[in-house]
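# Examining the three-dimensional arrangement
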Amino acid sequence: MSRRRRSFPWFAGAVGFLLAGPLLVLPIRAVADEWRAPALWPQVIGGRGVQRVLDDPILPQAVLNSALVGLLAIALGFVVAWPAARTLRGSSAAFVLAPLLIPPLVVGEGLQVWFLRLGLADSLLGVALAHLVYVVPYMVIILTPGFTTELARQEEAARGLGGSKWDVLRLITLPGMASPIALALAMAFTVSWSQYGTSLGVGGGLPMLPLVLVPFVRSDPQIAAVLDLIFLLPPLVALTIAVRTDQRL
Amino acid sequence: MILVGGLSLAAFAGLLSRSLRPGAIVGGAYSTDAWRRVLADDAFWDSVIFTLRAALIATPLAVLLAVPIGVAARGASPWTRALLTALIPVPHLVVASTTVTWFGPGQLLDRLFGTVPIIGDRFGLGVILVYLIKEIPFLVLLVVAALDRETQKLDEAGRGLGASWWHRLRHILLPRLALPLGIGSLVVAAFVIGSTEVPLAVGPVVPDSMTTYALTVQRIRGPVARADSAVALAVTTLVILLLGIVALVIGRRRS
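What counts and what doesn't
- Residues numbered from 1 in each chain as written.
- Chains lettered and ligands numbered in written order.
- Predicted model: local features only at pLDDT ≥ 70, side-chain atom pairs only at ≥ 80, totals over all residues.
- Heavy atoms only, no water.
- Helix = DSSP H or I, 4+ residues; strand = E, 2+ residues; numbered from the N terminus.
- Buried < 20%, exposed > 50% of the residue type's maximum accessible area, 1.4 Å probe, protein only.
- Contact = heavy atoms within 4.5 Å.
- Areas by Shrake-Rupley, 256 points an atom, 1.4 Å probe, with all protein chains shown as cover.
- Lys, Arg positive; Asp, Glu negative; His and termini not counted.
- Charge placed at Lys NZ, Arg CZ, Asp CG, Glu CD.
- Core = buried A, V, L, I, M, F, W, Y, C linked by side-chain atoms within 4.5 Å.
- Polar contact = N/O pair within 3.5 Å; in protein donor to acceptor, adjacent residues only side chain to side chain.
- Buried area = accessible area lost by both parts, 1.4 Å probe.
- Salt bridge = Lys/Arg side-chain N within 4 Å of Asp/Glu carboxyl O.
- Axes fitted to C-alpha atoms, helices over the stretch in contact; angles between N-to-C directions.
- Parallel < 35°, antiparallel > 145°, perpendicular 65-115°, else oblique.
- Left-handed = near helix turned anticlockwise from the far one by under 90°.
- Expected span 1.5 Å × (residues − 1).
- Arc of directions from axis to C-beta.
- Patch = residues over 30% accessible without salt bridge, like charges linked within 9 Å, V, L, I, M, F, W, Y side chains within 5 Å.
- Phe/Tyr/Trp six-rings, centres within 6.5 Å; stacked < 30°, edge-to-face > 60°.
- Lys NZ or Arg CZ within 6 Å of the ring centre and 35° of its normal.

## Quick look at the overall build of chain A
Of the regular secondary structure elements, chain A holds 13 helices and two strands. Considering only C-alpha atoms, chain A reaches an extent of 70 × 70 × 30 Å along its principal axes. Evaluated residue by residue, chain A yields a buried proportion of 49% over its 249 residues. Pairs at least 24 residues apart make up 73% of the contacts formed inside chain A by residues separated by at least 6 positions. Surface accessibility of chain A: about 11,700 Å² in total, with carbon and sulfur atoms responsible for 67%. Mean positive and mean negative side-chain charge positions of chain A (18 and 13 charges, respectively) differ by 13 Å.

## Quick notes on the nonpolar core
Among the nonpolar cores identified, the biggest contains 145 residues, and Leu111, Val136, Val140, Leu143 and Leu227 of chain A together with Leu87 and Val202 of chain B are the most heavily contacted of them. Those residues in contact with Leu227 of chain A that sit more than four places away from it in its chain are Val53, Leu59, Leu209, Val212, Leu213 and Phe216 of chain A.

## Overview of the side chain of Thr212 of chain B
Residue and element names in this part refer to chain B. With respect to the helices, strands and loops of the structure, Thr212 is situated in helix α11 (residues 210-220). Owing to a relative accessible area of 4%, Thr212 belongs among the buried residues under this scheme. Within polar-contact distance, the side chain of Thr212 engages the backbone nitrogen of Ser209 at 2.8 Å. Setting aside residues up to four positions removed in sequence, Thr212 forms contacts with Thr196, Pro199 and Leu200.

## Some remarks on unusual backbone geometry
Following Ala37 of chain A, the chain continues into Pro38 of chain A via a peptide bond in cis, with omega recorded as 5°. Among the structural elements, Pro38 of chain A can be located in the loop between β1 (32-34) and β2 (44-45). The residue after Val206 of chain B, namely Pro207 of chain B, is reached through a cis peptide bond having omega 0°. Following the sequence through the fold, Pro207 of chain B ends up in the loop between α10 (197-202) and α11.

## As for the interface of chain B and chain A
Listed by partner, the interface residues are 74 residues for chain B and 74 residues for chain A. Taken as a group, Met1, Pro89 and Arg111 of chain B account for 12% of the area that chain B buries against chain A, more than any other trio of residues on that side. Our count for the chain B to chain A interface comes out at two salt bridges. Two residues, Arg226 of chain B and Glu109 of chain A, come together in a salt bridge whose shortest N-O distance is 2.8 Å. Of all the elements, helix α1 (residues 2-20) of chain B adds the most residues to the side of chain B that touches chain A, at 10 residues.

## Focus: the packing of α1 of chain B against helix α12 (residues 225-254) of chain B
Residues and elements named next belong to chain B. For the pair α1 and α12, the least separation of the axes is 8 Å and the interaxial angle reads 135°. Comparing the axis directions of α1 and α12 gives the class oblique. For the element pair α1 and α12, the recorded crossing hand is left-handed. Where α1 abuts α12, its residues Phe12, Leu15, Leu16, Arg18 and Ser19 lie against Arg226, Ala227, Ala230, Val231, Leu233, Ala234, Thr237 and Leu238.

## Quick notes on helix α8 (residues 149-160) of chain B
Residues and elements named next belong to chain B. Look at α8: 16 Å from first C-alpha to last across 12 residues, which is about the 16 Å you get at 1.5 Å a residue. When we look at burial in α8, the residues that qualify are Thr151, Asp155, Gly158 and Arg159. In a view along the axis of α8, the buried residues occupy a sector of 100°, so they form one face of it. The exposed residues of α8 that point more than 90 degrees off its buried face are Arg149, Lys153 and Gly160. In this structure, the buried residues of α8 make contact with α7 (125-146) and α9 (165-194). Backbone geometry just downstream of α8 places Gly162 in the positive-phi region, at approximately 90°.

## Some words on a nonpolar patch on the surface
A contiguous nonpolar patch, built from Leu238, Leu241, Ile245 and Val249 of chain B and spanning about 340 Å² of accessible area, is present on the exposed surface. When you line up the elements, Val249 of chain B lands in helix α12.

## Here's the deal with the environment of Val67 of chain B
Residue and element names in this part refer to chain B. Relative to the assigned elements, Val67 resides in helix α3 (residues 42-72). Val67 gets classed as buried once you look at its relative accessible area, which sits at 14%. Along the backbone, Val67 and Leu141 are 74 residues apart, and their C-alpha atoms lie at a distance of 9.9 Å. Not counting residues up to four positions away in its chain, the partners in contact with Val67 are Val143, Leu177 and Leu181.

## Some details on the environment of Trp165 of chain B
Within the secondary structure layout, Trp165 of chain B lies in helix α9. Taking the C-alpha atoms as reference, Trp165 of chain B lies 9.2 Å from Asp155 of chain B; in sequence the two are 10 residues apart.

## Re the pattern of salt bridges
Tallying each qualifying case throughout the model produces 14 salt bridges over all chains. Across the salt bridge formed by Arg153 of chain A and Glu150 of chain A, the nearest N and O atoms sit 3.2 Å from each other. Separated by three residues within a single helix, Arg153 of chain A and Glu150 of chain A lie in helix α8 (residues 149-160), roughly one turn from each other. Here Glu156 of chain B ties to Arg159 of chain B by a salt bridge, and the two come within 3.6 Å at their closest N and O atoms. Of this pair, Glu156 of chain B and Arg159 of chain B both sit in helix α8, three residues apart, which is roughly one turn of that helix. Residue class for Arg159 of chain B comes out buried when judged on its relative accessible area of 15%. Among the ionic contacts, a cluster of salt bridges with common partners joins Arg48, Arg52 and Asp220 of chain A.

## A closer look at the packing of aromatic side chains
This model, assessed by the stated rule, comprises eight aromatic pairs over all chains. Ring pairs connect the aromatic residues Phe78, Trp82 and Phe147 of chain A, which therefore count as one cluster. We note Arg21 of chain B situated over the ring of Tyr30 of chain B; from NZ or CZ to the ring centre the distance is 5.0 Å.

The structure is reproduced here in structure tokens:
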């Protein structure tokens, strides 16, 4: 008689909480107008941090720039990633992931040399193009498992029944790929949204969310926490989509 | 994918060009001065030691911790697994910022237990901690994926044949985990070596990491700065490339 396999889900849960739980301090830190040592709870709760972010001439622009670049990057990235994911076969996966190993600052500073000549440096389009180096691999890896043999059979059957290319795409492929597409877009946006090195190299002086956050991390934790919470919105969307559609990140 | 590969190669070519022709944008002459200047700079070698030390400590430690956590997560509910992998999409910078809120001087753990001097320490403990927190979930995901139904069947068969847990670990589980963890380790090491924002947020002012050295020279060396910075970044890329080649050779030999 075989014994039951031992597993310790409580241990995994405890480790998960230990790793992700500390993020719960951010909302408290964001509204802690006064939180002096040795107190373990803020002395004054208020909206100073949010107000400072809203009143700052650069911070709202940085959030807007990051959002625009993210949208541009996922739009361009999807056009590249969709056909690549459709045709990707086993051993090509390693090739797809290879660009992720290149340091983002290398991509940013290196592409800046060429983008200066092309007039793309210091522009949102240039930054979005540089982000493609990291956005496209994530999209391809998430989209690829969606192209199952079952989906291919359904597409084939629809074509056999006289469906046009557009009909097959609209009625079979897109509904069948809805979950992977949603996760790929959310994750790709998150990847672009998080880029520090590429944005710094190609963007030059353009304010972007990660670039404006770094100086506050040690100098003003309250503003850093407010920006962190804004920073966390796209990853939360990606995580929600992954859990609700039972997909791996 | 040609576009992505092309952009990556163009970036590296751009760096080499800038390091060898400092005035390349307006058509400068070739010169190896920047390479000689950077390779003779003690601060650069300090940054190499700092970066490689952080990568060599954070990567194996993350793997060692991820394996038992991944094994434990096999029987976990989807929500527990979601909690365990929740940090994967979270930006490194948010994790670094949260770490400062807990571990920074005068912050929460300092108030509870006294000084916890890891933010900004010269050894890079803050950087190592951020990478452990951020990369363990990624490696756990790889472990859970590798411990699929087929592996579980082999494990059950081994147990049925009377193999001890050590034998099953050595001859069934570890061989199944070797490839995903090998690739995962390479990714983690590359992330640690290539990161800029994490050492800027939680690392020391001196020494720099290899990438923050590139930013520091841009700030302090005036007209030659871009070439020197390009050299530091080119060396960073070559180090990661070398790691990739070593991993590939080891992987080929094992298979």
